[in-house]
Structure formats: structure tokens, C-alpha cells
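Chain by chain, the residues run as shown.
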Amino acid sequence: MMVLTVVAVTMFWAPGVDPGVARALQIGPIVFPDVNPPATIDQARPTVIATPSWAPPLSAGDAVVLIPGTADYDGTDQTQRTLGIGLFGGVVGTGDDVRVDETQTPAISVVSYPAAFGIDPWGIPIYLAGSDTFTHSVQVGTVNGVAAAEAVHAGNPDATIVINGYSQSAPIAMNVAYLLHRKNTEGDGDIPDDQIVVIVGADSRFPHTGVENIVPSFLPGMYTNGDRDVDATGDIKVYSYCVRGDATCGVGNPLVNPISTFFYLIPGFYVHAFLEYRINEYSIAREWEDGNTHYIVYDGGNPWGMMLRDLGIAVPTEFDDVLGALIPVPMPGQQSTLADLRLPLPDDVRQRLSAYNVPTPRELQQLVADRLGIDVPVHDPDTCDISPSACRADYAPNPQATADAVGIIESGPPTTSSTATVATTEVAQSDSAASRIAATASDPATGAITAPTTVAAPTTAAAPTTAAAPTTAAAPTTAAAPTTAPDADDPVPDSGTQVASATAAG
């Protein structure tokens, strides 16, 4: 049980890190010295700036509700891995002058929430990032995200509202979409399904291989929710991407191939935290539709090779091929079957075994619990609706958050040029870009969204004459993480997701 606990915590704790933000480990009343972790986005390393082929078309008239990942308190990291690489469009120029013109991209509203990671076994808080549990952080982020989306829509009712999240905030973004759709089905929704788009990366509930589909739900403060029902978000279009080897969305099934599962955990953490933003450099290994959800799996090589090369160890790509043949890298989104057993079997036998699915530890836990008539604790709203008695979270609307939530309400683009040069993975936040990002602040005790902070647009914002990478990345002006937050849990549905065949690309 101790080994499983350690594995569960480390598989979840692969955060996006806000550069320069110190964090302190806390165990009960003991707070250890602050640490200043490295930046998740290496601003010195350029990457390809392009709008992915699968990304929805967006314009300056649309709006993004951006929910940061773990410890990315002001959304800088998440903004860099999305807007900064062209995910929201606005890519202009050719050759060495390719950049993101922010006057052509949607306005961004950053949702404030704890963005914390911790557990509280036996009532003892253990906080690894921020000062809250994972479960309660997700709950607060979800409530604030719904309020922020509705506020943005109220200010721009014709806009497409993009709900964006990564890592911890990927399930939050999906929760927001679920609750907005549920409101529509109940007749009191403000935003029609067809005006909402979800874009998430490294979702911990990615079908079959997300960490919440692998790790059993047993740790207070970090309960898992299992697979999603793709129909639970109605007509909302969802785009969900994962890089092969990522230890949050692409985990192997240890009941089928424990060696592969655990062998790739360490580089999988690295890929998740430091390399997922480079998706434009990778090929698409799989791509498929399930309901209104579009799944994309990127392949950047063997996770060990990717990590070593990024650390400056020049291993050849042939290393990736050999290692992958010896110990296959789990394929995100793929259902485990008996055919995946690493046994010397004739091809015809292996083919027959492929008809027999093997449950993950989380799925096995649910099967046993159903047979015994007991609850498996959950905390995402879709799973809470399925199993109310198992729910460890409360998603009742917060009146203060609903009343005070704010997104970006912009009268129009600046009268002078505000094109930002993006020569690296860093988002070159020009002054005009800062004026286009309004973050919602939350009350530390309740998580309620408080009055907006608006940054006035500057009178001038001259475009740079060269495509040189900026030396700093200005963070959105507000979105401070709450200093404290009460503990609670989050719900997730455990419905199966059918994986269709996909064509390889790249």
C-alpha cells in the first residue's frame, strides 16, 4: 500500500511550474523551506510556432477561459504553451519571421484557483504544491471556471468560448464544460453548447491510459474518477491531446505490463512537465473521434531519449527505436488486452487474445466495489451525479462567484500595432497583450471570485523590428493563488470510452 501511495502521488504531481515561484512542502503543521523549481517552459529553447491541423478556427472576436495547471498561479506557463505556440491561431509571417499576432487571437481570461497539489490522509495535510489538496483545488477551479465562462459570455454573447486546461486543469476544464451543458439541459444555461469549445492537454482522465483511469481511488484529497462518458458534455466540441509517454495521460496498465508501466514513469514525468509544449515538433501517431470528442496522440520519440536529449545528452534516435522495441511505450487511449502480455505467443493466439480486455487497477476497484455494494470515492461533477453517495466535493454555485466573475470585455483592438514576436516557446507578452488578459481573483478562504482587475490598454505598442526571443515573459496581471483553502474532494464518471481506429500521420 505504501508503494502504491508513493506511485499515485508522483504520477499526479507532474506540475506545470510558474518560473520564479517558490513553493514549500508542508506536512501537517511543519512547513519546510521554500524551493524555487526550474521553469516548465524553457524560454531559451525555440520551438515551432504553428496552429495544429486539428485546432478549431478562432479569431479576435472569440474568448479563451484559461485555467492554469498545478502551481502555475497566474497562467503564464499555460499561456506560453498555448497562445505562445499558435494553438489559438494568429500565426503570421514566414521563415524566421513566424510569430503570433495577438491582435488576431482571442482575448484570454485567466481563472484564479488554488492550483495546488496535496493530500490529507488521516486528517494530516501534506501539501506538495500550494496549500490545498488536489481534490479541493479541482473543486474551486471548477466553480470559478463556470462563473468566469458565464461572465465572459455575458460581455461577448456572440463569441465562441474556449475552455482551456492542462494537467490538473484539464479535468477542471472538462468539469466546467459538463456543468455548463448540464445547465443547458436543465433549462437555465446561458451559453449554448455550440458556442463552447474545450481544448485540453495531458488530461488525467484520457481514455484508458489517464492516471485517474489507472490509480485506484483511495487517497483522501486525491481521489480518482475513472473514464469519462463522452456524451456527458452534449454538443460541446472537445479537443484532447496527449504526448506518448506522458505520465499523466499515457500511463500503461500495470496489470498487463508492469515493466513498461514503471520503466517509463521517470521520463514520463519529464515529458509532461517540460516537453509537452513542443507538440508542433512531433508527429501525430493516432487521431480519432468519439462522439463530439477529438483525440490526438503525439509521438516525439521514446520518453527516455526525449528526456536525455533535452538534458544535453546526445543519444541518437536509433536509441529510441531499439529501446521501444525492447520495452514498448504505452499508447495513450489504447484499451489493454491479453494480447499486450509480453509473452512469446504465436500470432494467431495473440490475435485471439486481443478480444479480451484487461481492466486497469482503477476499473478493477470499481468492479469489486459494485459487486460488494460499496462506494468508490469520486469528486468530479459527472461522477458525483452518477454516484451521489460517493461524492467528495460540492459543486453548488457560489453566489458571490457568480455575481462577481469577470472575463475580458474589450471594445476592440488597440489603434496601434500590438503584434508580439514569439521566437521561442515563451509568449512575448507585449503591453497590449497584457491588456487583453484579465484574471479573476478569488477569496483565499472560499475560492469565490471577487471583483475584476482590469489592465488598461496602453496608448502605444510598437511591434518589434526583429524576431528575437524576448528575455522575459510578462505574467498576466492578476491571478494570485489563495494562501489557504479548505479540504474537499472531486467527482469523475467511470464510463467506458470506445476507441476507434485512427490513421497515423507525420
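The rules behind these values
As a convention, each chain's residues are numbered from 1 in the sequence order in which they are written. Since the coordinates come from a predicted model, pLDDT governs what is reported: local features require at least 70, and pairs of side-chain atoms require 80 or more to be given and counted, while whole-chain, interface and lining totals use all residues. As a rule here, side-chain values cover all heavy atoms of the structure and leave hydrogens and water aside. When DSSP locates at least two bridges between a pair of strands, those strands are taken to pair. Secondary structure counts use DSSP, requiring at least four H or I residues in a row for a helix and at least two E residues in a row for a strand, with both numbered from the N terminus. Only the six-membered ring of Trp is used, alongside the rings of Phe and Tyr, when aromatic pairs are assigned; centres must lie within 6.5 Å, and planes under 30 degrees apart are stacked while those over 60 apart are edge-to-face, with the rest tilted. Relative accessible area decides the class of each residue, using a 1.4 Å probe on protein chains only: under 20% of the type maximum gives buried, over 50% gives exposed, and in between gives partly exposed. Any Lys NZ or Arg CZ found within 6 Å of a ring centre and within 35 degrees of that ring's normal is scored as a charge over the ring. Residues are treated as being in contact if the distance between any of their heavy atoms lies within 4.5 Å. Disulfide assignment relies on a single distance test, namely cysteine sulfur atoms paired within 2.5 Å. Buried and open spaces are told apart on a 1 Å grid over the protein atoms alone, a cavity being a set of points where a 1.4 Å probe fits but cannot get out and a pocket being an open set with protein on both sides within 12 Å along at least five of seven lines. Residues with an atom within 4 Å of a point are the lining residues. Grid points are joined across faces, edges and corners, and a volume is the space filled by probe spheres set on the points. Residue polarity is assigned by list, with Asp, Glu, Lys and Arg as charged and Ala, Val, Leu, Ile, Met, Phe, Trp, Tyr, Cys and Pro as nonpolar; anything else, Gly included, falls into the polar class. The patches reported here contain residues having more than 30% relative accessible area and no salt bridge. Joining distances are 9 Å for like charges and 5 Å for nonpolar side chains (Val, Leu, Ile, Met, Phe, Trp, Tyr). Working definition of accessibility: Shrake-Rupley area with a 1.4 Å probe, residue cover restricted to the visible protein chains. Salt bridge, as applied in this entry: a Lys or Arg side-chain nitrogen positioned within 4 Å of an Asp or Glu carboxyl oxygen. Only the stretch in contact is used when fitting a helix axis, every axis being a line fitted to C-alpha atoms; angles between N-to-C directions are given from 0 to 180 degrees. The labels follow the angle: roughly parallel below 35 degrees, roughly antiparallel above 145, roughly perpendicular from 65 to 115, and oblique for the rest. Two helices crossing with the near one rotated counterclockwise from the far one by less than a right angle form a left-handed crossing, whereas a clockwise rotation gives a right-handed crossing. Confidence scores labelled pLDDT are given residue by residue by the predictor and lie between 0 and 100.

As defined by bridge partners, strand 7 (residues 117-119) adjoins strand 8 (residues 126-129) across 3 bridges and the pair is classed as antiparallel. When the bridges of strand 8 are listed, Gly118 appears paired with Tyr127. Where strand 7 folds back onto strand 8 in an antiparallel hairpin, the turn is made up of 6 residues, including Trp122, whose phi is positive at roughly 55°.

Next up on the list: the packing of aromatic side chains. Inspection of the entire model under this criterion finds 10 aromatic pairs. On the numbers, 5.3 Å between centres and 80° between planes, the contact of Phe206 with Tyr295 is edge-to-face. A residue pair is termed long-range when its members are at least 10 positions apart, and Phe206 in the loop between strand 10 (196-201) and helix 5 (211-214) and Tyr295 in strand 13 (residues 293-299) qualify at 89 residues. With a relative accessible area of 0%, Phe206 lands in the buried category. You can call Tyr295 buried: its relative accessible area is 5%. Ring geometry for Trp288 versus Tyr295: centroids 5.0 Å apart, planes at 25°, classification stacked. Members of the aromatic cluster, connected to one another through ring pairs, are Trp54, Tyr239, Tyr241 and Tyr298. Arg81 extends its terminal NZ or CZ atom over the ring of Tyr166, reaching a point 3.9 Å from the ring centre.

Once that is clear, we can look at the side chain of His153. By the secondary structure assignment, His153 is in helix 3 (residues 134-155). Excluding residues within four positions of it along the chain, His153 makes contact with Ile161, Asp190, Ile191, Pro192 and Gln195.

Moving on, we get to the state of the cysteines. Under the criterion given, the structure shown has 2 disulfides. Between the sulfur atoms of Cys242 and its disulfide partner Cys249 the distance amounts to 2.0 Å. In this structure, the disulfide formed by Cys242 and Cys249 twists by about 85° around the S-S bond and is classed as right-handed. Note on Cys249: relative accessible area 0%, which makes it buried. Paired through a disulfide, Cys384 and Cys391 show a sulfur-sulfur distance of 2.0 Å. Classification of the bridge connecting Cys384 and Cys391 rests on its S-S torsion, roughly 75°, and on that basis the disulfide is right-handed. For the residue pair Cys384 and Cys391, the accessibility class agrees, reading buried in each case.

Considering all chains together, one arrives at 6 cavities of 30 Å³ or more under this definition. One number sums up the size of the largest cavity: a volume of about 130 Å³. Taken together, 18 residues make up the lining of the largest cavity; nearest its centre are Met174, Arg228, Asp229, Val230 and Thr233. Going through the elements one at a time, helix 4 (169-185), strand 11 (237-243) and strand 13 are the ones with two or more residues in the lining of the largest cavity. With 3 residues, helix 4 is the single largest residue contributor to the lining of the largest cavity. Residue composition of the lining of the largest cavity, by class: 9 nonpolar, 4 polar and 5 charged.

With that settled, consider unusual backbone geometry. The residue Ser167 is not glycine, and still its phi comes out positive at about 60°. Following the sequence through the fold, Ser167 ends up in the loop between strand 9 (161-166) and helix 4. Phi at Ala202 is positive, roughly 55°, even though this residue is not glycine. Topologically, Ala202 is positioned in the loop between strand 10 and helix 5.

With that settled, consider a nonpolar patch on the surface. A contiguous nonpolar patch, built from Leu255, Leu364, Leu367, Val368, Leu372 and Ile374 and spanning about 560 Å² of accessible area, is present on the exposed surface. In this fold, Leu364 is placed in helix 11 (residues 361-372). Residue Leu364 is classed as partly exposed on the basis of its relative accessible area of 39%.

Okay, the packing of helix 3 against helix 4 next. Taken N-terminus to C-terminus, the directions of helix 3 and helix 4 make an angle of 55°; their axes are 9 Å apart at the nearest point. Taken together, the axes of helix 3 and helix 4 lie oblique to each other. For helix 3 against helix 4, the interelement crossing comes out right-handed. For the pair helix 3 and helix 4, the contacting residues are Ser137, Val138, Gly141, Thr142, Gly145, Val146, Ala149 and Glu150 in the first and Ile172, Asn175, Val176, Leu179, Leu180 and Lys183 in the second. Residue composition of the contact of helix 3 with helix 4, by class: 7 nonpolar, 5 polar and 2 charged.

There is about 310 Å³ of room inside the largest pocket. What lines the largest pocket is a set of 20 residues, and nearest its centre among them are Val329, Pro330, Met331, Gln334 and Asp340. Residues belonging to the lining of the largest pocket are distributed by class as follows: 7 nonpolar, 10 polar and 3 charged.

When pLDDT is averaged along the chain, the result is 78, and 70% of the positions lie at 70 or above. Here residues 1-7 is a poorly scored stretch, pLDDT under 50, and it has 7 contacts once near neighbours within four places are set aside; other chains count. Note on residues 402-506: pLDDT under 50 across the span, and 304 contacts to partners over four residues away in sequence or across chains.

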